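Residue strings, one per chain:
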There are 2 protein chains.
Amino acid sequence: MADFRVLVMLILSVVSVCVESKYMVYETARGVVKDKVNVHLVAHTHDDVGWLKTVDQYYVGSNNSIQGACVRNVLDSVVQALLADKNRKFIYVEQAFFQRWWNDQSEKTQAIVKRLVSSGQLEMINGGWCMHDEAAPHYIDMIDQTTYGHKFIKEQFNVTPRIGWQIDPFGHSAVQAYLLGAEVGFDSLFFGRIDYQDRAKRKADKHLEVIWRASKTLGSSSQIFAGAFPENVYEPPTSEFYFEVNADSPIVQDNVNLFDYNVEERVNAFVAAALSQANFTRTNHVMWTMGTDFKYQYAESWFRNMDKFIHYVNKDGRVNALYSTPSIYTDAKYAETNTWPLKEDDYFPYASDINAYWTGYFTSRPALKGYVRMLSGYYLAARQLEAMKGRNKSGPTTDYLADALGTAQHHDAVSGTSQQHVANDYAKRLAIGHKEAEKVVAESIACMLSPKPGCASLATNIQQCPLLNITNCPPTEADLSSGKKLVVVVYNSLGWKRSDVIRLPVASENLAVYDSNEKEIESQIFPIINESISIRNYYTAAYTGKPPTSTPKYWLAFTASVPPLGFSTYTISSTKKPASTPVKEEFYTHTGAQKDDIEIGTGNLKLIYSGSDGKLSHYVNSRSAIDASLKQSYSFYAGFDGTTGLQASGAYIFRPNGTYPIGSQKQNVTVLRGPIYDEVHQKIKSWIYQITRVYKNKEHAEVEFTVGPIPIGDGVGKEIATKISTTIKSNETFYTDSNGRDFIERIRDYRADWDLEVNQPIAGNYYPINLGIYLKDEKSELSVLVDRSVGGSSIVDGELELMLHRRLLYDDGKGVAEAINETVCVGNDCRGLAVQGKYYLRMDPLGEGAKWRRSYGQEIYSPLLLAFTEQDENKRTNFQVSKFSGMDSTYSLPDNVALLTLQELEDGKVLLRLAHLYESGEDKDLSVMTSVELKKLFAKRKITNVSEMSLSANQGRAEMEKKRLVWKVEGSKNDDEPAGQRGGPVDPQKLVVELAPMEIRTFIVTVGKTLSRRLVSSDLSR
Amino acid sequence: MADFRVLVMLILSVVSVCVESKYMVYETARGVVKDKVNVHLVAHTHDDVGWLKTVDQYYVGSNNSIQGACVRNVLDSVVQALLADKNRKFIYVEQAFFQRWWNDQSEKTQAIVKRLVSSGQLEMINGGWCMHDEAAPHYIDMIDQTTYGHKFIKEQFNVTPRIGWQIDPFGHSAVQAYLLGAEVGFDSLFFGRIDYQDRAKRKADKHLEVIWRASKTLGSSSQIFAGAFPENVYEPPTSEFYFEVNADSPIVQDNVNLFDYNVEERVNAFVAAALSQANFTRTNHVMWTMGTDFKYQYAESWFRNMDKFIHYVNKDGRVNALYSTPSIYTDAKYAETNTWPLKEDDYFPYASDINAYWTGYFTSRPALKGYVRMLSGYYLAARQLEAMKGRNKSGPTTDYLADALGTAQHHDAVSGTSQQHVANDYAKRLAIGHKEAEKVVAESIACMLSPKPGCASLATNIQQCPLLNITNCPPTEADLSSGKKLVVVVYNSLGWKRSDVIRLPVASENLAVYDSNEKEIESQIFPIINESISIRNYYTAAYTGKPPTSTPKYWLAFTASVPPLGFSTYTISSTKKPASTPVKEEFYTHTGAQKDDIEIGTGNLKLIYSGSDGKLSHYVNSRSAIDASLKQSYSFYAGFDGTTGLQASGAYIFRPNGTYPIGSQKQNVTVLRGPIYDEVHQKIKSWIYQITRVYKNKEHAEVEFTVGPIPIGDGVGKEIATKISTTIKSNETFYTDSNGRDFIERIRDYRADWDLEVNQPIAGNYYPINLGIYLKDEKSELSVLVDRSVGGSSIVDGELELMLHRRLLYDDGKGVAEAINETVCVGNDCRGLAVQGKYYLRMDPLGEGAKWRRSYGQEIYSPLLLAFTEQDENKRTNFQVSKFSGMDSTYSLPDNVALLTLQELEDGKVLLRLAHLYESGEDKDLSVMTSVELKKLFAKRKITNVSEMSLSANQGRAEMEKKRLVWKVEGSKNDDEPAGQRGGPVDPQKLVVELAPMEIRTFIVTVGKTLSRRLVSSDLSR
C-alpha cells in the first residue's frame, strides 16, 4: 500500500529499542575447566609452500586471480591481533614463509614477535621449512628440511617446537610418526586426512586419537600420541565457524543496538558442535582447528568472533571454550590419561571417497621427483665437500640448495600436485641451488686437488655435467686429439670404499683410460643410439635455450674405484686406435624369428631372453643358484575421464578405467656386449625405449626406461606401468618402504585396522615407494629398487609393478584445478614430457635380499659425483693430489651404517648424523648393534666435544628425552611395552658411537680450534 | 626428461641471487611538487548505508553470502594502518557507519582516532549520515541528514567537513551543488557518475572540473568547484591498482630476494595511468580514488602497496605521487588557478551507456518513497512539538526518526535500488522512528491540551492514525452512540494559518462536527467503497499481523481551520439522525450510453467529463477564466526483458519496450457529490482505481490513484504511467524541480552541455520530480504536484506524464541483483504491491502557477497532523486548551517564507531554518526580499542570542564565508559574476531576518533561562 509499515506488530514488541552503547570487553582468559567439555580453539593458517601459486607469490600475495592468498597479510595481521588481547593465541607452521616475513620486519617488530613467541601467544608448530609430503620424500630430505626450519626457530626464538602438525598431507607415513615425530622430540602429531572407512570406524570406536608405534624395531621408544581430526580435514567443525574477511559464516552479533542480535543462536550452534565432537572423542577435550588454507589474512576478523564465542559460551556454561594450541591440548589430554589405543604401521593409502584413492600422486611429475632425488644425494655430497674445504663466509654455499630442497619437500611439490607453473618454480629453485652448490663442489675439489692458498679460484677449471643424463657432457665430448687429457674426478660420498662403472659420452672411439697410478685400465666403447641423440638435442635446447652444436658418438665406460668419503682421479687421453684391452663391441639385431634364447651377462648374473618372442624369460644367478622365470612388460591404465561429473584420475587421484598392454606379442631386441656390461635395447613403442644392463661385477639388472611423450591423440589420459612377473607364491603380500627407511608389509585388499570394503582393486593397493618394493615366498625374493619416488604395488601374486609416468587430461577435482599433462617446449614446439629413469631388480634366495636392498639402495641415493678438468699432456700442473679419503685411510664405516649428514655449521661446528640401515631381524648378520669410531671418521682432527642431539638438532637428546611426555598403550603394562634397543652414551674419551638397528643418532661435534679449519683433510691442509 | 632444469639459461643471467635482507622503510612523506604531474592518492572506501545488505549487516559483516562487506573491519584496520605511518591518509564519509563503530570503541581508541582526525590523517568528507541520493530526496531531508552527520563530527572532533563527495549517486542535482555544497561551506564537490556522452565531451574539452553555478537565483554566491571523475565511477584508474585482500591487481613486488620483482613494470604502469589522466585534466594535479565499495577491510593491504608506489614512483621521478585527500587536492588545484569553466543546471538524467538511462529509479519502490516523504513532513512537525514541550532527557525523542530518515536518504534507500530485504529494513527503521516520534507528538499534544505537571502521562489518551491512508483509524471508527465524544486535534506545522478538509472513516452516518467554540460546522458523509475496504482488510493484516475486526462505513469530512504553528480542536459526536446541514450525498452511475457531459465541482473549478466516453475532457476555472481541454489516461511501458544479455529495465534503469494504453475506449464513471467536495470514481482496471476530487474551496483537482498489483501473468514487467494532456504549445519544454526546490527548464531530446545523441527517446527524457512538473505556452500553464518522489516527463507537447509504479521481472545488471518486483504477504498469500498516492493538477494563466506550486507544495509536504482523544459528553475534563498558536497570535510568516526547521537541541538552544520559497522572477509579487520577525515567531520568549550558521549548522556563517575558497568562471571578470541577492545581517535588537529569493538561513537561537523551558507556548506554560 502507500507505505511500508512492515512489521509494526513485531516492532511494538521490542521493549527497549536503544540501549546505551558501551565499549565491550570480552572475557577471554579462560583456561581448561574440569568436568566440562573443553573446546580448544586452535587459531591456525595452513600455508602451502607452493601449490596453485608459487611460494613467493603466496608470500607477497601476487597472482590472486589464481587464488586469493597473501601470507604477509596473515603474519602482519596476526601480530596485531595478538597484541590486542594477550589471551589470544596463534600457531605458525611453515618456516619458508615465516622466514620471508621475518626478513621484512623491522627490529622493533622482531622484538615484539619474540615476546609473543616467548609468552606462548605465538607458537611455532611442526616448524620445518614446509609441511613435507609423507609419500614422495626420502627420509633424509625430511630430516634436512625439518632441521633447516628448526634451526631458524632455535636461533631466533630459542624454542623447540613440541608438536607434529601434518594436517594436509594425503596419507601418513610410519617414518613421519616415529622419526620426524618421536625422534624430533614431539609430544604429539596431528593430521587431517585418513581413509574415509578408517575414519568412520575410528569415530565409532573413539579411536581417532591413538598411540602410534610406527617402528617395529624401535617400538615404544619411538611412539607418539597421534590424533586424526574428525572431519573437514583441518577446518572449523561446521560451515558456521569461518571468520575470514568475507566468509559466509554467521558472525556473532552481540550489539543490542543493532538488528540481527544472535548470541543465543550462535552459542547454541557452538555447544551443539562441541557436544557432537565430544561424542566420539576421548576425554573432556576437543580441538577445533580454527582456520584453513591461507586464512587470517585479516586476523582480527577471526579473533573478534572467537573472543565473543569464548565470552558468551562460557557465560552460557554448558561447555568451556578457550584459546588454545596443540601443545595445550596435548597437555590437557595427557593430564587426563596417558593411555590410548595402539596404532601400528602407517595411514597409506588415503581414500577420501569410494573412488578417490590418492595414490596417483605417488608417481605424478616423475621428472620433478627424479630431480629432487638426484639433488638430495648431491646436497649430501656437496655438504661433505663444503665441510672439507671450510664453509665460505661469503661466496657460494649449499644454503640455497638447502632452501630449494626444503621447499621441494612440500606436500604439493615433490608430490607432483602443484600447478604446472609452480612445478616450474620448484625446478627453477632447485636449478639455482644446484648451480650454487656446483660452485661449492668445484671449489672444494679444486682445493683438494691443489691444496694451496687461492685454490678456490681454480674452481673455474672444474666442470660438472648436470645434463649427463641426457647424454650431454661438454668436457667429455671435447676433442682430445691435440694432446690434452681429460681428468675425471670421482667423488664417493658414502662411508664405504666403492667401485662403480662410469659412463661418459665421447666424440671418438680412440681413447684410453688411466687410473691415478697412471696405469691404463679396462674401458668399453658403445655407440650412442639415435634415440639418445634425439633426446639430447631436444632437451638441451629446451633447458639451455640452444641446441648442442656437436654430437658425441660413443659411450666410454670404465670402472672407478673410490675410497670412502673421498675421491679418485682417472685420466682419459687420445690413442691412435681404439683402446687395446677392450674388445670392440659387436652388434646384432634380433628379428623375432630366431629360435635360440639370448643370454646376456658375463658375470654371475645372466638374463635370458626368449628366442621366440624376444622377451625376458629367465633370471639366472650362478653364485646364488637362482634360476627363475622372470617376465617384464609395459601396460597403461586409461585414466577415468570424469566428464560425467564422476571422479577423474588426476594429479592426486589414481582412478583407472581399464588396463591395456603396451607392445607387440613379439619384440625386436638389440644386444650390445662388452667386457664391463652388456645392454639389451628394446623399442617397445615409438615412445617407450628400454635399455637393460647386466654388469659383469653386479648381481642385479639395471633397467633404464625412456617413457614419453605419452600419446593422448585418442583423448584418453594414460598412466604407464611396468610389471615384473615371477612364479613366486607371494600370497597377496608384498613390502614397500616408508620414505626409504622401514619396510612395511602390505597385503592386497586388506587393512589391518578395519574390514576393507574394496572399491578400487588396483588404485586401492598402490603404495608409495622411495627405496624399493619386494615380495617373497618360502624360497626366494624379488626386489626392485627405484631411483626416485614412485607408486607401486603387487596386483597379482608373484608380480610387482611400478607406475612410471602419468599424462592425464582431466582435473581430479581435489584442488589443483589442472590436468597433469606435462609438456616441454622448444620455441612453440611443445611435446609431452618424456621421462627417463632407472630401476634395479634382483632375485635372491629367501633372507638374502636385504643386504642388496640396503647397501645398493645407498649407492642409488648417492651416486658417484663426477667432475672434470683438463690437463696438458704429461703435465700434472693442475693438481697435486690424485686420490684421497676424508676419513682415516684405513677406516670404513660398518656395512650397516650410513653417514646421513656431515655438515659444517655457521659456527664451525659439525652436524653429524649416523644411521643404522637395518631393521631388527632384517638381515641375519647386519641387524645387530654396531659402532662408529668418530676419531677415525674425523681422522687427524681433534674432537673437543660431542653433544648428542634430537634428530633435528635443536635440543640435546637427553633434555629432549627428559621433558617428553610418556604415552602408554591401552591394555598394556609397563613391562609389555616393547622398547627398541638403543646405542649407549658416547664416552668422551673413546668417542665410539653405538647404533642399534634402525637407530639414527645426531651429534654436534666440536673440533679443536688449534687445528686447521678444514675438518678431515689433514693430508690436504698443509 | 628426467629432470626439470627449466630456465637454466635465464638463471645463469641472474647476477645476484640473494641480496642481504633489510627492513625496508618507504619514503612516503612527499607533498605536492611543482612542475610535475602530481598524483593525489585518495584512500577511501565507499560504504553504502544499506544496499544488498542492511546497514547493520554491512557494519558487523554478517550476511556475507550476499556481499562480502564489513565496515567494522574497514575502520578497525584503517586506524591500525594510519598509526603505522603518519604520512598515510584516509577519508571517511558515511556517519551512519562511523557512529556505529565509534560506539564500539574504547576510550583509548577514541582518543587515538581523535588525534588522527586532528592531524588530518583521517579526514571526514561529505559527513552526512549517508551519501544521500540526489534524485529522490526532498531538500529538507538532505539538509536534515547532513546536519545530523555534521553535528556528530563537530561534537566529537570539532571539525567541519570541507568537501562534498557524492561519488556514487546516479546523477547530480542542482540543489546538491549549491545548497548541500556551497551553502554547507564546502570548497568542492566530487562525483563519479555523469552521462557517458557528457563525460566523453568533457574529457575532450578538459571540462570534467568546472565551476558549478547551480542556482540561477543565488548565482556566484552559491557556486562550487565540482569535479567529475574520469572513469570507472570512483575506483582506481585502471584494473591494476586495486589492493583489497585477494584482489587481482599486480602488487608491487620489490623484494629482490624473491621472484617476480616488478618495480619498474609497476612504476611504468603507474606513470602511464597518471599521464593518461593528465591528458584530459587541467593543472598538474590528478586525483586517484584508491578504493571502492566496502574496501579497506584490511587496510594495510592497500597502504602497503601505496607506500611502495609513492616511494618508487618518486624515485623514478617522472611524476610525483603523494598521499592526499580531496581537500589537499582542492587546495592544490586552487593554488594553480581559481578560474574554471562554467556549468549550470544539473547532471540529470544519467546514462551509463546507450540503452542504460538511470531514470527508472526515480519511481522505483513508490511505496517506500511515499513513506519517506510522509515521515519527512511528520518529523518536521514532531520536532516543533518536541521543542514546544521541551526535549525529553530520557523517554521518547525524535532522534530515532532522525536516524531512520537519515538512513533512508541513502542513494540506495529512497532511490528504491536496494534489495527487497534491505528495503524492508529501511521501512522497519522508519516505523520504529515513527512510533517513537508519535509518542513525542502525543506527549506534546497532551501537554498543550492540559498544561500542568505530569501532563505527559496523559499522552496515553492521545491516539494517532498512521494507517489512515488505508482507511484504518480505530478512534474515529469507534461507536459514539453511548455519549462519548471524539476530539480531533489538528496541528498545522506551517507558519501560515490554514484551512483544509479532514476526512475520517466512521461507523455511522449520524454524526455532527463542532469547532473549538462548540459550534456545529458543515460536514459531509460519503460511503466507503468496497475497494477501500478490501485494501484496508488485506494491508491491515499484512502490517499488523491481524485483520481489522470491524468495518467503517462512511467517510466523514469537514473543513478544519488552524492557526500557524498551532492547533485547533474539533469535536465529533453522535446525533439521532444524519447531520442536519450537509445534504446527504447522492449517487449515480454513468453507464457510458449517456450523452450529456458530466460537470464536477461546486466552486470556481469544474472538471468536465465527456458523456460519450466517460473521460475527462475539460478544465474550467471561472475565476481565472481558464477553459481548456484536459485529458487524462493510463498506459504502461513494457519493461525490456534483457534475456538476450541486453540491457533490461530494472530497479535503476528505465528501458521501455513499447508503450501500451490501459483501459477501455469508454469508461464507467461514478460520481459522488457533496457540499465540501465532489468525487469521480473510475475503475480503470481491476488493478487501477482512481478517485478525482474537486473541492469547493480549492482550485486544483486532487487525483488519488490505487495502482497494483500490476499483472505479470504474461511474463512482461510493466511500468505504469499516467498522462495529462492539454493543447498547450509547450514547444518541447517543461520544468521539473530540483529536490523540491528550484525549477529547472528541460527540453526534450536536448542537453545544454553537448549535442545529444538520442538513443532512448522516452527514458532519456525522464527527470526526477519531488515537488512538481509544469509546462506552459504564451497563455497558460499546466502544473502537476506530487506527494512523493517520482519520475516524469513531457514526451509530447502539451502533455505531462508521471510514472506511478513499476513491477519488473529482470535485474538490470547494475548491481542490485534482483528484479524490482514488490509483493505484500498475509501468511502465504503474497500479492503484487498496490500503491496508493495522490497528485494534484491545476491550470493557470501564464505567470500565475508559481504561487500555487509553492504554497500548496508546502501543504502537501506538511499535511495537517491529526490526533484523537475521547471526551465524556459535555465534560471538558480531558483538556483545558482547545486552540493554540505557537507564534504571536497576530503573526504569520510571509507567504514566501517557510519554516524548515524548528528544533530544540540537547543544550536547549534552538535550531531554526527559514527559507524563501521563490526563485528570482518566479512570481511577480513574491520573488522579492522578505523578512521574518523572530520576536514574533518566538512569541513571548526572550531571545538572548542569534547566531547565523552554515546550512548544516556546524560553523558560523561568517566564519564559513571567510575561509571558503573563492572560485571564478573562466572568461568572466569579477564584475560579471552574477552574485545573488542576500538578506542582510540580523540586528540583535530588532531580530528581523531578511530573506532574498531562494535564500535559506540557518540560526542557532538562544532563549533566556529565566523563562520557562517551553519555547513558545507561554500561554500554556502557566
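Keep in mind that what you see is a predicted model, and the values were worked out from it rather than measured. (Residues numbered from 1 in each chain as written. Chains lettered and ligands numbered in written order. Predicted model: local features only at pLDDT ≥ 70, side-chain atom pairs only at ≥ 80, totals over all residues. Heavy atoms only, no water.)

## A closer look at the side chain of arginine 498 of chain A
For arginine 498 of chain A, the position within the fold is in strand β15 (residues 498-506). The residues contacting arginine 498 of chain A, other than those within four sequence positions of it, are Asn492, Ala560, Ser561, Val562, Glu859, Ser862, Pro863 and Leu864 of chain A. (Helix = DSSP H or I, 4+ residues; strand = E, 2+ residues; numbered from the N terminus. Contact = heavy atoms within 4.5 Å.)

## What about the sheet that holds strand β19 (residues 554-562) of chain B?
Residues and elements named next belong to chain B. Judged by pairing direction, the sheet is antiparallel, and its three strands sit side by side in the order β15-β19-β18 without closing on themselves. Bordering the open sheet on either side are β15 (498-506) and β18 (523-527), each of which pairs with just one other strand. Strand-to-strand twist in this sheet, taken as the mean axis angle between neighbours without regard to direction, amounts to 25°. Strand direction decides the pairing type here: β18 and β19, joined by five bridges, are antiparallel. Bridge pairing in β19 links isoleucine 525 to leucine 556. (Pairing = 2+ DSSP bridges. Axes fitted to C-alpha atoms, helices over the stretch in contact; angles between N-to-C directions.)

## A short note on the sheet that holds strand β4 (residues 163-166) of chain B
Residue and element names in this part refer to chain B. Taken in spatial order, the five strands line up as β4-β5-β7-β6-β11 in an open sheet, and their pairing is mixed. The strands lining the two open edges of the sheet, one partner per strand, are β4 and β11 (342-344). The mean angle between the axes of side-by-side strands here comes to 30°, regardless of whether they run parallel or antiparallel. Note: strand β6 (residues 209-213) against strand β7 (residues 224-228), four bridges, orientation antiparallel. Residue pairing for β7: glutamate 209 is matched across the bridge by glycine 227.

## Focus: the packing of helix α9 (residues 263-278) of chain B against helix α10 (residues 299-316) of chain B
All names here are of chain B. Contact pair α9 / α10: the axes reach a minimum separation of 10 Å and the direction vectors enclose 80°. The angle between α9 and α10 places the two elements in the roughly perpendicular class. Of the residues in α10, those in contact with Val263, Arg266, Val267, Phe270 and Val271 of α9 are Phe309, Tyr312, Val313 and Asp316. For the contact of α9 with α10, the per-class residue count stands at seven nonpolar, no polar and two charged. (Parallel < 35°, antiparallel > 145°, perpendicular 65-115°, else oblique. Nonpolar A, V, L, I, M, F, W, Y, C, P; charged D, E, K, R; others polar.)

## A closer look at the interface of chain A and chain B
The interface of chain A with chain B comprises 85 residues on the first partner and 85 residues on the second. Our count for the chain A to chain B interface comes out at two salt bridges. In this structure, aspartate 76 of chain B and arginine 304 of chain A form a salt bridge, with 2.8 Å as the shortest nitrogen-oxygen distance. At the surface where chain A touches chain B, the tally comes to 16 residue pairs in polar contact (both at pLDDT 80 or more). Per-element tally for the side of chain A that touches chain B: the top contributor is helix α14 (residues 420-449) of chain A, with eleven residues. (Salt bridge = Lys/Arg side-chain N within 4 Å of Asp/Glu carboxyl O. Polar contact = N/O pair within 3.5 Å; in protein donor to acceptor, adjacent residues only side chain to side chain.)

## Looking at the relation of the copies chain A and chain B
Two chain copies, one operation linking them: a rotation about an axis together with a shift along it. Taken as rigid bodies, chain A and chain B are interconverted by a rotation of 180° and an axial shift of 0.1 Å, the fit giving an RMSD of 0.1 Å. Classification of the inter-copy transformation places it as that of a two-fold axis. Judged by C-alpha distance, tyrosine 298 of chain A is the residue of chain A that lies nearest the rotation axis, at 2.9 Å. By residue overlap, the copies meet face to face through one surface: 99% of the interface positions of chain A are interface positions in chain B. (Least-squares fit on C-alpha atoms with pLDDT ≥ 70 in both.)

## Regarding the environment of lysine 577 of chain B
Residue and element names in this part refer to chain B. Following the sequence through the fold, lysine 577 ends up in the loop between β20 (566-574) and β21 (586-590). Given the relative accessible area of 55%, lysine 577 is considered exposed. Separated by 39 residues in sequence, lysine 577 and leucine 616 have C-alpha atoms that sit 36 Å apart. (Buried < 20%, exposed > 50% of the residue type's maximum accessible area, 1.4 Å probe, protein only.)

## Looking at helix α14 (residues 420-449) of chain B
Helical periodicity: at 3.6 residues per turn, an α-helix aligns residues three or four positions apart in one direction. A rise of 1.5 Å per residue sets the reference length of α14 of chain B, with its 30 residues, at 44 Å; its end C-alpha atoms lie 42 Å apart and thus fit the reference within 8%. Of all the 30 residues making up α14 of chain B, 24 are buried; the element is thus mostly covered by neighbouring parts of the structure. (Expected span 1.5 Å × (residues − 1).)

## Digging into the domain arrangement of chain A
Residue and element names in this part refer to chain A. Domain parsing of chain A yields domain 1 (26-347), domain 2 (356-438), domain 3 (465-578 + 871-885), domain 4 (584-845) and domain 5 (890-1007). Tallying the contact residues gives seven residues for domain 2 and five residues for domain 3. At the boundary of domain 2 with domain 3, the tally comes to zero salt bridges. Along the contact surface separating domain 2 from domain 3 lie two residue pairs in polar contact (both at pLDDT 80 or more). Those elements that place two or more of their residues in the side of domain 2 that touches domain 3 are α12 (366-389) and α14. Ranked by residue count, the leading element in the side of domain 2 that touches domain 3 is α12, at five residues. Residue classes in the side of domain 2 that touches domain 3 are distributed as four nonpolar, two polar and one charged. (Domains from an automatic or database assignment.)

## Digging into the side chain of serine 106 of chain B
Residue position: serine 106 of chain B is located in the loop between α4 (95-104) and α5 (107-119). A polar contact of 3.1 Å, which involves the side chain of serine 106 of chain B, links it to the side chain of threonine 109 of chain B.

## Points about the nonpolar core
One finds Phe98 and Tyr296 of chain A together with Phe98 and Tyr296 of chain B to be the most contacted residues of the largest nonpolar core, which totals 301 residues. Not counting chain neighbours up to four residues away, the residues in contact with phenylalanine 98 of chain B comprise Leu75, Tyr92, Val113, Leu122, Met124, Phe152 and Phe157 of chain B. (Core = buried A, V, L, I, M, F, W, Y, C linked by side-chain atoms within 4.5 Å.)

## Overview of unusual backbone geometry
Residues and elements named next belong to chain B. Geometrically, the link from phenylalanine 348 to proline 349 is a cis peptide bond, its omega value of -15° lying close to zero. Tracing the sequence through the fold places proline 349 in the loop between β11 and β12 (351-353). In this structure, the amide linkage connecting glycine 708 to the following residue, proline 709, adopts the cis form with an omega of -5°. Within the secondary structure, proline 709 sits in the loop between β31 (701-707) and β32 (718-725). In the Ramachandran plot, asparagine 126 falls in the positive-phi region, its phi being about 65° despite a non-glycine side chain. Its location among the elements puts asparagine 126 in the loop between β3 (122-124) and α6 (139-157). In this structure asparagine 126 comes out as buried when scored by relative accessible area, which is 5%.

## Side note on the packing of helix α12 (residues 366-389) of chain B against α14 of chain B
Pairs of packed helices are described in terms of their axes, by the angle between the two and the distance that separates them. Residue and element names in this part refer to chain B. Direction vectors running N to C along α12 and α14 enclose 30°, while the axes themselves pass 9 Å from each other. Accordingly, the angle class assigned to the pair α12 and α14 is roughly parallel. In the packing of α12 onto α14, the handedness of the crossing is left-handed. Considering only residue class, the contact of α12 with α14 consists of 18 nonpolar, two polar and four charged. (Left-handed = near helix turned anticlockwise from the far one by under 90°.)

## Description of the pairing of strand β51 (residues 1000-1007) of chain A
Remember that side chains alternate between the two faces of the sheet whenever the strand is regular. All names here are of chain A. For β51, a buried count of eight out of eight residues is recorded, marking the element as mostly surrounded by other parts of the structure. Neither face of β51 is exposed, since Ile1000, Thr1002, Ile1004 and Thr1006 on one face and Arg1001, Phe1003, Val1005 and Val1007 on the opposite face are all buried. Sheet topology note: the strand β46 (residues 910-916)/β51 ladder contains six bridges and is antiparallel. In the sheet register, leucine 912 faces β51, and the bridge partner there is phenylalanine 1003.

## As for the state of the cysteines
Residues and elements named next belong to chain B. Under the definition given, this model contains six disulfides over all chains. The side chain of cysteine 447 participates in a disulfide bridge whose partner is cysteine 455; the two sulfur atoms lie 1.9 Å from each other. The chirality of the disulfide connecting cysteine 447 with cysteine 455 is right-handed, given an S-S dihedral of about 90°. For cysteine 447, a relative accessible area of 7% gives the class buried. For cysteine 455, a relative accessible area of 4% corresponds to the buried category. Each sulfur in the disulfide pair cysteine 825 and cysteine 830 lies 1.9 Å from the other. (Disulfide = S-S within 2.5 Å.)

## Side note on the packing of aromatic side chains
Considering all chains together, one arrives at 113 aromatic pairs over all chains under this definition. When the centroid spacing of 5.0 Å and the interplanar angle of 70° are considered together, the rings of tryptophan 102 of chain B and phenylalanine 157 of chain B count as edge-to-face. Residue tryptophan 102 of chain B is located in helix α4, and its partner phenylalanine 157 of chain B is located in helix α6; the two are separated by 55 residues in the primary sequence. Here tryptophan 102 of chain B and phenylalanine 157 of chain B have matching classes, each one buried. Aromatic side chains phenylalanine 170 of chain B and tryptophan 358 of chain B sit 5.0 Å apart centroid to centroid with 40° between the ring planes, which places their arrangement in the tilted category. Linking phenylalanine 170 of chain B in the loop between β4 and α7 (174-178) with tryptophan 358 of chain B in the loop between β13 (356-357) and α12, this pair joins segments that are 188 residues apart in sequence. In this structure, phenylalanine 170 of chain B and tryptophan 358 of chain B share a single accessibility class: buried. Members of the aromatic cluster, joined through ring pairs, are Phe90, Phe241, Tyr242, Phe243, Phe270, Trp288, Tyr296, Trp302, Phe303, Phe309 and Tyr323 of chain A. Its guanidinium or amino end placed over the ring of phenylalanine 259 of chain B, lysine 428 of chain A lies 3.7 Å from that ring's centre, counting from NZ or CZ. (Phe/Tyr/Trp six-rings, centres within 6.5 Å; stacked < 30°, edge-to-face > 60°. Lys NZ or Arg CZ within 6 Å of the ring centre and 35° of its normal.)

## With respect to the pattern of salt bridges
A full pass over the atoms with the stated rule returns 128 salt bridges over all chains. A salt bridge links glutamate 438 of chain A to lysine 435 of chain A; the shortest N-O distance between them is 3.9 Å. A residue pair is termed a helical-turn pair when its members lie 3 or 4 positions apart in one helix, as glutamate 438 of chain A and lysine 435 of chain A do in helix α14 at three residues. In this structure, aspartate 500 of chain B engages lysine 698 of chain B in a salt bridge whose closest nitrogen and oxygen atoms are separated by 2.4 Å.

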